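Residue-level structure breakdown
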Amino acid sequence: MAVEARLRWGLVPLTFAADAPFLVPYRIRKQRRRETLTDMSQLRIVVLVKQVPDTQNVTGDAMKEDGTVNRAALPAVFNPEDLNALEEALRLKDRHGARVTVVTMGPPAAVQVLRESLYRGVDEVILLTDKAFAGADTLATSYVLSLAVRKLGGCDLVLCGRQAIDGDTAQVGPQTAEKLGYPQITCVSRVDELVAPAGGAGGAVTATRSIEGGYETLTSLLPCLLTVTGEANEPRPPSVKLVMTYKGIAAESMPDYDDTYLDPESDAAEVCMVGRDGRPVCRAKVVQWDHLALAADREALGLRGSPTRVKEIESVVLAQSEARMVTPDEAGLAILVHELIEEHILG
Amino acid sequence: MRGAEAGDVWVVVEQHDGVAAEVSLELLGRARELAERLGVGIGAVLAGAGAPVRALAPALIARGADTVYLADHDDLGDYLALPYTCVVVGLVRAHRPQIVLYGATTSGRDLAPRVASALRTGLTADCTDLRIGDFSAKGETYADLLFQIRPAFGGNIIATIVSPEHRPQMATVREGVMVMPEADESRTGTVVTVPVQRSSAPVAAADRIVLTDADFAVRLVKRVQEGKRVDLKGARVVVSGGVGVGSREGFALVEELARTLGGVVGASRAAVDAGWVGHEHQVGQTGTTVRPKLYIACGISGSVQHRAGMDQSARILAINSDPHAPIFSVAHYGIAGDLHKVIPLLIKAYRTKA
């Protein structure tokens, strides 16, 4: 299989392969003893991501005859700014060493964004799925996400995209931070510096955010939640090796949080490699939690836990074309400009 | 049927160095309409430090506030999410407004969700309209709810959101979609000075706002205003570029056309995301809403989210190589052609005429 895979990878452009984390089978190199991933001093990062319908490419097939959107025809994608948040987490991992956990809430099919996260080199992925979560607005969503972060034992840094392209609310980040009691820096266009917690000191993060007509730089004590914008970075592509490793991975219900499978020495560890940072990397599961696993209050979940209701939805209908077409030559444009000046549209 | 309720309509005012954000004043205008319909008063929450912020209170009354809740403390000089959340949450708990409105600015969108979470109430982001009306669900009718109207799903739908059971009803509202009220210096109102105390540890106090050290876990290192604010809203002519522009260099052509026509440069979300132009130039649902006399869309296909921000322009000229691009459906004039050739011709035609 390895040979076959290598042959296939031979066709992959070099830049693509060069971006892939350096992974070699760990069990083969077991003589190189290393600290385990359960190292308490290690930086812990949780990335919150969402699978969304691709509302940015609503054209052609996605439009119904009456000019409204056919949502079912929109492909499900990794919310773009969540990919930026993930990239920021992976860069911090590359620089400081960190354990990166990706959490998503959604239907079982949302496992795809978790796979995409594994393909890029995260350590652990968690799927929050339950019929009881359905119909959640931002308040009920942030409740579930905050419970998941708590169940993970908290962390040093929570990262998420500024907003999701299906709702564009930018609310879930700050609401999750409030529920965790973490401070927040939203709309981050650059993470300037991270001082990892060490020797009893709590650590801090400095980030720059865009504001109207300028920017501001803030420093927060850890733990802290950052929401990241598309300006922050260029997300890395999936690693071919990791795609081969994880493409078939399925979600597995694990009511109790037990991270021993992340320990390369444990029998539960199914995939063990040495990562680019020299640490053992062990990943094998998509942990799945429902409301019972999270010990959630039913009243605060899903539609029941959502203060807002949609009263009415109106589709925006494309009007029929009424544009007067102008010939793109000197004569045509001269007439157009003349007309606009005559009508005092242009001065 | 649930009857009408007491509780004022509030606007959380955003200010910088004693100057109120325009959207906050626009909100006071709409708050007046909502409050008159409900038969209640208007409250303005004003937080900051020192004389400039105190001087702003009468200006808010002139624009329509009946009561200004003034939280003036040295530690509130710069907007920071946690202490400002503490102020708004404390005031809402003490005075129980039925509606609280915020500008959908960077700081409004930072603050409002944090407050909503702390109060466990609903919040609708980026509204383009607010109305009062009745809502029925499951055999229950709720009178006089706040209809929070906003585009969603990439601007492909317009949703009306309500918050039937939870109070206050909260919304952030986009700048420029509501009419700024005239200042009426003869209006009278009350300025309530809110006692604010800084403490190292939490103190239980109902009569004042207590800011603890934990509220200052985030500290402002620097804030830079890059002088030239892009005045898209006030522009007579907006020339916008989209994906079809192709590159940062291509965008120079859009900028030249804008300069020639005495206009301002706009952009679609895609062009901003591509990094060709700053986000302050973005026109559309998540950017600025513009209503210029002339809007020129260059290489913009015309997603609903973009059209939502420009379709009220007096005249729209679309230049696009794809004659079937949706932008032509809102345009008054269309030019199907390569913008890299059309724009120089257009510049030449204008220079010859003017």
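Residues numbered from 1 in each chain as written. Chains lettered and ligands numbered in written order. Predicted model: local features only at pLDDT ≥ 70, side-chain atom pairs only at ≥ 80, totals over all residues.

**Some points on the overall build of chain B**
Looking only at helices and strands, chain B has 8 helices and 20 strands in total. Its C-alpha atoms give chain B a radius of gyration of 23 Å, near enough to 20 Å, the size a compact globule of 354 residues would have. Dimensions of chain B, computed from C-alpha atoms along their principal axes, come out at roughly 70 × 55 × 40 Å. For chain B, contacts bridging at least 24 residues in sequence account for 65% of all contacts bridging at least 6. (Helix = DSSP H or I, 4+ residues; strand = E, 2+ residues; numbered from the N terminus. Rg over C-alpha atoms; globule rule 2.2 N^0.38 Å. Contact = placed C-beta atoms within 7 Å.)

**Observations regarding the overall build of chain A**
The number of helices and strands found in chain A is 8 helices and 17 strands. Residues classed as buried in chain A amount to 49% of the 347 residues present. Contacts spanning at least 24 positions in sequence make up 71% of the contacts within chain A whose residues lie at least 6 apart. (Buried ≥ 20, exposed ≤ 12 C-beta atoms within 10 Å, placed from the backbone.)

**Observations regarding the confidence of the model for chain B**
Model confidence for chain B is summarised by a mean pLDDT of 91, while 97% of its residues fall at 70 or above. Reported confidences for the modelled complex are a pTM of 0.80 and an ipTM of 0.81. (pLDDT = per-residue confidence, 0-100.)

**Here we look at the nonpolar core**
Nonpolar side chains in soluble globular proteins generally cluster together in the buried interior. In this structure, A:Ile45, A:Val47, A:Val144, B:Ala44, B:Leu46 and B:Leu60 are the most contacted members of the largest nonpolar core, which totals 149 residues. Sequence-distant contacts of A:Ile45, that is, excluding residues within four places in its chain, are made with A:Ala89, A:Leu92, A:Ala98, A:Val100, A:Cys155, A:Asp156, A:Leu157 and A:Leu159. The next biggest cluster of nonpolar side chains, apart from the first, holds 52 residues, and it includes A:Leu346, B:Val239, B:Val265 and B:Ala325. (Core = buried A, V, L, I, M, F, W, Y, C linked by C-beta atoms within 7 Å.)

**Some thoughts on the interface of chain A and chain B**
Chain A puts 68 residues into the contact, and the matching count from chain B is 80 residues. Every element with two or more residues in the side of chain A that touches chain B is listed here: helix 5 (138-151), helix 6 (172-180), strand 8 (184-195), strand 9 (204-211), strand 10 (214-221), strand 16 (309-315), strand 17 (324-325) and helix 8 (330-342) of chain A. Per-class residue counts for the side of chain A that touches chain B are 31 nonpolar, 24 polar and 13 charged. Bridge count between strand 17 of chain A and strand 20 (residues 333-336) of chain B: 2 bridges; the pairing is parallel. Paired with A:Met325 across the strands is B:Gly334, a residue of strand 20 of chain B. (Nonpolar A, V, L, I, M, F, W, Y, C, P; charged D, E, K, R; others polar. Pairing = 2+ DSSP bridges.)

**What about helix 5 of chain A?**
Residue and element names in this part refer to chain A. With 14 residues, helix 5 should cover 20 Å at 1.5 Å per step; its first-to-last C-alpha distance of 20 Å lies within 8% of that length. Counting buried residues in helix 5 gives 12 out of 14 residues, a clear majority hidden from the surface. Looking at helix 5, one finds that the buried residues are Thr138, Leu139, Ala140, Thr141, Ser142, Tyr143, Val144, Leu145, Ser146, Leu147, Ala148 and Val149. (Expected span 1.5 Å × (residues − 1).)

**Some details on the domain arrangement of chain B**
Residue and element names in this part refer to chain B. Domain annotation of chain B identifies domain 1 (9-216) and domain 2 (237-353). Spacing between the C-alpha centres of domain 1 and domain 2 amounts to 35 Å. Facing 7 residues of domain 1, the contacting portion of domain 2 comprises 7 residues. (Domains from an automatic or database assignment.)

**Regarding the confidence of the model for chain A**
When pLDDT is averaged across chain A, the result is 82; 75% of the residues are at 70 or more. For residues 1-22 of chain A, every residue scores under 50 in pLDDT, and the model assigns this stretch 19 contacts once sequence neighbours within four places are set aside.

**Considerations on helix 6 of chain A**
Among the 9 residues in helix 6 of chain A, 9 count as buried, and that is most of the element. Among all positions in helix 6 of chain A, only A:Val172, A:Gly173, A:Pro174, A:Gln175, A:Thr176, A:Ala177, A:Glu178, A:Lys179 and A:Leu180 are buried. The elements touched by buried residues of helix 6 of chain A are strand 2 (43-49), helix 5, strand 7 (157-161), strand 8 and strand 11 (224-228) of chain A together with helix 4 (106-119) of chain B. Following helix 6 of chain A by one or two positions, A:Gly181 has its phi on the positive side, about 75°.

**Some remarks on the sheet that holds strand 12 (residues 251-253) of chain A**
Judged by pairing direction, the sheet is mixed, and its 11 strands sit side by side in the order 12(A)-15(A)-6(A)-5(A)-2(A)-7(A)-11(A)-8(A)-9(A)-10(A)-15(B) without closing on themselves. Strands with a single pairing partner mark the edges of an open sheet, and in this sheet they are strand 12 of chain A together with strand 15 (218-225) of chain B. Within the sheet, the average angular offset between the axes of one strand and its neighbour, ignoring direction, is 30°. Of the strand pairs in this sheet, strand 10 of chain A and strand 15 of chain B are connected by 7 bridges, and their pairing is antiparallel. The residue bridging A:Gly214 from the neighbouring strand is B:Gln225, located in strand 15 of chain B. On the sheet, helix 5 of chain A packs against strand 2, strand 5 (98-105), strand 6 (124-128), strand 7 and strand 15 (286-289) of chain A and is oriented at approximately 150° with respect to strand 5 of chain A. Relative to the sheet, helix 6 of chain A contacts strand 2, strand 7, strand 8 and strand 11 of chain A, its axis offset from that of strand 8 of chain A by approximately 65°. (Axes fitted to C-alpha atoms, helices over the stretch in contact; angles between N-to-C directions.)

**Brief notes about the sheet that holds strand 12 (residues 190-193) of chain B**
Residues and elements named next belong to chain B. On the basis of which strands lie adjacent, the open sheet formed by 7 strands has the order 7-11-6-1-4-5-12 and parallel pairing. Strand pairing shows two members of the sheet lacking a second neighbour, strand 7 (123-127) and strand 12, which therefore form its edges. Averaged over all pairs of adjacent strands, the angle between their axes in this sheet comes to 20°, without regard to strand direction. Where strand 7 and strand 11 (residues 169-173) come together, 3 bridges link them in parallel fashion. Each bridged residue has a counterpart across the sheet, and for Leu123 the counterpart in strand 11 is Met170.

**So, the pairing of strand 5 of chain A**
Residue and element names in this part refer to chain A. The element strand 5 is extensively covered by neighbouring structure, given that 8 of its 8 residues are classed as buried. Residues Ala98, Val100, Val102 and Thr104 point to one face of strand 5 and Arg99, Thr101, Val103 and Met105 to the other, with burial holding for every one of them. Strand direction decides the pairing type here: strand 2 and strand 5, joined by 7 bridges, are parallel. Looking across to strand 5, one finds that Leu43 is bridged to Ala98. Bridging between strand 5 and strand 6 involves 5 bridges; their strand directions are parallel. Note that in strand 6 the partner of Met105 across the bridge is Leu128.

**Let's talk about the packing of helix 3 (residues 81-95) of chain B against helix 4 of chain B**
Residues and elements named next belong to chain B. Two elements in contact, helix 3 and helix 4, have axes whose closest approach is 9 Å; the angle formed by their N-to-C orientations is 50°. With respect to helix 4, the element helix 3 is oriented oblique. The way helix 3 lies across helix 4 gives a crossing that is right-handed. Contacts between helix 3 and helix 4 involve Ala81, Tyr84, Thr85, Val88, Val89 and Val92 on the former and, on the latter, Asp110, Leu111, Arg114, Val115, Ala118 and Leu119. (Parallel < 35°, antiparallel > 145°, perpendicular 65-115°, else oblique. Left-handed = near helix turned anticlockwise from the far one by under 90°.)

**Some thoughts on the environment of A:Leu86**
Residues and elements named next belong to chain A. In this fold, Leu86 is placed in helix 3 (residues 80-96). A tally of 30 C-beta atoms within 10 Å means that Leu86 is categorised as buried. Here the alpha-carbon distance between Leu86 and Asp192, two residues 106 residues apart in the chain, equals 16 Å. When residues no more than four places from it in sequence are discounted, the contact partners of Leu86 are Val47, Val49, Val102, Ser117, Arg120 and Pro235.

**Observations regarding the packing of helix 5 (residues 248-260) of chain B against helix 8 (residues 339-353) of chain B**
Residues and elements named next belong to chain B. Across the interface, helix 5 lies against helix 8 with an axial gap of 10 Å and an inter-helix angle of 20°. Between helix 5 and helix 8, the angle falls in the class roughly parallel. For the pair helix 5 and helix 8, the crossing hand works out as left-handed. On the side of helix 5, the interface is formed by Gly250, Leu253, Glu256, Leu257 and Thr260, while helix 8 contributes His340, Ile343, Leu346, Ile347, Tyr350 and Arg351. Residue composition of the contact of helix 5 with helix 8, by class: 6 nonpolar, 3 polar and 2 charged.

**Concerning unusual backbone geometry**
In most cases, non-glycine residues show a negative phi, while peptide bonds are predominantly trans. The amide bond that connects A:Leu222 to the next residue, A:Pro223, takes the cis arrangement and shows omega of 0°. Following the sequence through the fold, A:Pro223 ends up in the loop between strand 10 and strand 11. At the junction of B:Arg167 and B:Pro168, the peptide bond is cis and its omega measures out at -5° in the coordinates. Turning to its location among the elements, B:Pro168 is positioned in the loop between strand 10 (157-162) and strand 11.

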